[in-house]
Amino acid sequence: MDISFAPLQARHPGDVHVAFLAQSEGDLPLPGRLIGRDTMLRLLPWLEGHAAFNDLSGEALSVAVLYGPADVERASERAMERPMERLVLVGLGNPAACKDAWSCLALLRKAMGAALAKCRELRAGTVRIPLPALQELTSHMTPTGHMGHMGLHAWADVDLPVLVEELVAGALGGLYAFTALKSKPKDSSPPPDLRLGAEDPLPGPGSPLHKALARGLAGGAGLWLARDLVNTPANLATPAYLEDMARTLATEYGFGLEVYTAGEVLELGMGAFAAVFQANPDHARLLVLDTHGGRRHAGQSAPAPLVLVGKGVTFDTGGISLKPAQGMEQMKGDMAGAAAILGCLKALGELKASQRVVAILPATDNMPGPLAVRPGDVVKTLAGKTVEIVNTDAEGRLLLCDALAYAGRFRPEAIIDVATLTGAAVVALGDHVAAIYGNHPLLAAAIQRLAMPVGDLLWPMPLWEFYFDELKSDVADMKNVGTRMGGSVNAALFLKQFVPEDVPWIHLDIAGPAFKAKAAPDCPAGGTGFATRTLLHLVLEWKRLRIAG
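## Structural notes on the overall build of the chain
Then, in step 1: Across its full length, the chain carries 15 helices and 22 strands.
Then, in step 2: Relative to the 2.2 N^0.38 estimate, which gives 24 Å for 549 residues, the radius of gyration of the chain is 26 Å and therefore close to what a compact globule would have.
Then, in step 3: The dimensions of the chain, computed from C-alpha atoms along their principal axes, are 90 × 55 × 50 Å.
Then, in step 4: The buried share of the chain, taken over its 549 residues, is 55%.
Then, in step 5: Excluding contacts between residues fewer than 6 apart, the proportion of contacts in the chain whose partners are at least 24 apart in sequence is 77%.
Then, in step 6: Here the chain contributes 49 positively and 57 negatively charged side chains, and the mean placements of these two sets differ by 2 Å.

## What about empty space enclosed by the protein?
Then, in step 1: Inspection of the entire model under this criterion finds four cavities of 30 Å³ or more.
Then, in step 2: Roughly 90 Å³ of internal volume is contained in the largest cavity.
Then, in step 3: Leu8, Ala10, His17, Arg128 and Gly197 are, among the 13 residues lining the largest cavity, the residues nearest its centre.
Then, in step 4: Taken together, the elements giving at least two residues each to the lining of the largest cavity come down to strand S1 (3-7), strand S7 (126-130) and strand S8 (193-198).
Then, in step 5: Tallied by class, residues from the lining of the largest cavity come to eight nonpolar, two polar and three charged.

## Let's talk about the environment of Tyr406
Then, in step 1: With respect to the helices and strands, Tyr406 occurs in helix H10 (residues 396-407).
Then, in step 2: Sequence separation of Tyr406 and Pro500 is 94 residues, and the distance between their C-alpha atoms is 8.8 Å.
Then, in step 3: Non-local contacts of Tyr406, meaning those with residues more than four positions away in its chain, are made with Tyr260, Leu268, Met270, Val288, Ile360 and Leu382.

## Observations concerning the environment of Gly512
Then, in step 1: Structurally, the position occupied by Gly512 is in the loop between strand S20 (505-509) and strand S21 (515-516).
Then, in step 2: Sequence separation between Gly512 and Gly333 is 179 residues, and the spatial gap between their C-alpha atoms is 11 Å.
Then, in step 3: The contact partners of Gly512, leaving out residues within four places of it in the chain, are Val426, Gly430 and Asp431.

## Here's the deal with the sheet that holds strand S19 (residues 478-479)
Then, in step 1: The sheet built from three strands is open, its strands ordered S14-S15-S19 with mixed pairing. Both edges of this open sheet fall to strand S14 (378-380) and S19, since each of them pairs with a single strand only.
Then, in step 2: In this sheet, strand S15 (residues 386-388) lies alongside S14 in antiparallel orientation, the contact comprising three bridges. Within S15, the residue paired with Lys380 across the bridge is Thr386.

## Notes on the packing of H10 against helix H13 (residues 487-496)
Then, in step 1: The N-to-C vectors of H10 and H13 enclose an angle of 30°; their axes lie 9 Å apart at closest approach. Taken as axis vectors, H10 and H13 run roughly parallel relative to one another. In this structure, H10 meets H13 at a crossing whose hand is right-handed. On H13, the residues that touch Arg397, Leu398, Leu400, Cys401 and Leu404 of H10 are Ala491, Phe494 and Leu495.
Then, in step 2: Looking at side-chain class alone, the contact of H10 with H13 contains seven nonpolar, no polar and one charged residues.

## With respect to the sheet that holds strand S6 (residues 86-91)
What links the strands of a sheet is backbone hydrogen bonding, and the strands pair in either a parallel or an antiparallel sense.
Then, in step 1: Taken together, the six strands give an open sheet; going across it, the order is S1-S8-S7-S2-S6-S3, and neighbouring strands pair in mixed fashion. Strands with a single pairing partner mark the edges of an open sheet, and in this sheet they are S1 and strand S3 (63-67). Strand-to-strand twist across the sheet, computed as the mean angle between neighbouring axes with direction ignored, equals 30°.
Then, in step 2: In this structure, S1 lies alongside S8, joined through five bridges in parallel fashion. Across the sheet, Phe5 pairs through a bridge with Leu196, a residue of S8.
Then, in step 3: Running over the sheet, helix H2 (residues 101-121) touches strand S2 (16-21), S3, S6, S7 and S8 and is turned about 145° from S2.

## Some thoughts on the packing of aromatic side chains
Then, in step 1: A full pass over the atoms with the stated rule returns eight aromatic pairs.
Then, in step 2: Considering the side-chain rings of Tyr176 and Trp224, the 5.7 Å spacing of their centres and the 70° angle between planes classify their relative orientation as edge-to-face. Of the two residues, Tyr176 is situated in the loop between helix H4 (160-175) and S8 and Trp224 in helix H5 (residues 208-231); the sequence distance between them amounts to 48 residues.
Then, in step 3: Of the residues examined, Tyr176 reaches a relative accessible area of 4% and is grouped as buried.
Then, in step 4: Judged by relative accessible area, which is 31%, Trp224 ranks as partly exposed.
Then, in step 5: With 6.3 Å between their ring centres and 75° between their planes, Tyr260 and Tyr406 make a pair best called edge-to-face. One end of the pair, Tyr260, is in strand S9 (residues 256-260); the other, Tyr406, is in helix H10, with 146 residues separating them in the sequence. Across the pair, exposure class does not vary: Tyr260 and Tyr406 are buried alike.

Rules used in this analysis
Residues numbered from 1 in each chain as written. Predicted model: local features only at pLDDT ≥ 70, side-chain atom pairs only at ≥ 80, totals over all residues. Heavy atoms only, no water. Helix = DSSP H or I, 4+ residues; strand = E, 2+ residues; numbered from the N terminus. Rg over C-alpha atoms; globule rule 2.2 N^0.38 Å. Buried < 20%, exposed > 50% of the residue type's maximum accessible area, 1.4 Å probe, protein only. Contact = heavy atoms within 4.5 Å. Lys, Arg positive; Asp, Glu negative; His and termini not counted. Charge placed at Lys NZ, Arg CZ, Asp CG, Glu CD. 1 Å grid on protein atoms, 1.4 Å probe; cavity = no way out; pocket = protein on both sides within 12 Å on 5 of 7 lines; lining within 4 Å. Points joined across faces, edges and corners; volume = space filled by probe spheres on them. Nonpolar A, V, L, I, M, F, W, Y, C, P; charged D, E, K, R; others polar. Pairing = 2+ DSSP bridges. Axes fitted to C-alpha atoms, helices over the stretch in contact; angles between N-to-C directions. Parallel < 35°, antiparallel > 145°, perpendicular 65-115°, else oblique. Left-handed = near helix turned anticlockwise from the far one by under 90°. Phe/Tyr/Trp six-rings, centres within 6.5 Å; stacked < 30°, edge-to-face > 60°.

Here is the structure:
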């Protein structure tokens, strides 16, 4: 699929155009609710007075197709009929219902997903969206005043480059499908190309719109990779498979890569990580990717990195503390944190980002067996602290604690860890919102602000020290679980004990939104790629955030 800018007036037989229709509580005639009405009538004159407008409600995410008149040319002795032009209209509901910018962008992504799905169904080769029409969403009043009383104030808080990036992300999100293992995919037709119509001169490299398009494309590519990794079953997406993916990224984008096997992890002193994989050590990997690792010359020092740590449990049975059978098949997605980071690295590679990032991905499965760790066992971590393993199903924090301690070797500017860590976070926040913890309130707030426009909703949770009373052990420095109450907080506080001193640290518990049971227009059921684009924007904005303190 190719997405690019194109001259506004460009039209070819068979093209499908996309526009948006608002829903009004008042008596505004239907054609007047067409976003960018004057632009659309200039491009498609046949829309004027089109009878089908009377059938359209503009209800949010409703989709309709309008057909232009048949175009018949006389050529030599026979009539040749060109394909009819088509317009896919997507409802945005009542624009006044969007009370803030992030909900407007969420609606736009879903609308684009619905539009592109319909275009694919129509077997369109090229889809065109005129940016001047889209820009009307960012104005209180259109040039002709058609939409002025409809309450578009929340849309006015969104810049056009942001609209472009989220439009592209919504299109790619809606076209995503995991079909690699289908012998007969439901829809094997190729996705259409997307052209964003702009006035001459077209946005060039370095312009805000061109940068927005590049971010949307890179973020979409990363999102597809993250979703693929989560959706691939665990008999295929093993830790060795994650190693292969990391090696592919390293080769393609010039990243450095270090791979540690089970024996080497033990030599490092990662006793907590080793406890998780000891039932199946052949599968274990510790992957360390460095975006500057392949760029330095001998003797050249590297800048302090931003370190991303991702839980990479490729299947979680719970170990000896075996999970219930119902729904266990979804535990192939327990490596969604690692998947999001690999997706972010792909996007960074596509953008040739200058910021140094180090990714630390402990990968294993968590299996029962004669060599499996048992409840009551005590292990020594890389940080030198001892942990009594009360519940082997609380394995994510065990491998993450060693990875967090290992991150200190890079003298990082900050550490962000991402993990499907606790069911307690899902109980607290549901399956649309992730929990955010940390030792640096300003950084946590900045990440929350960056996450909302791209659709990753984060909610701050407490990290008060009195919660640690539940983690005290009679035989070791701490236990790996406390009581059921405050389970997500206890897990985060456990991780905090292993964060290098004086390093800003943020923990994202994405257990709820990493996997969707129901499809949405911008994401089918399955892995969502949650946090991929948030991490991308964090890296791209890191220097500015650091300067801001």
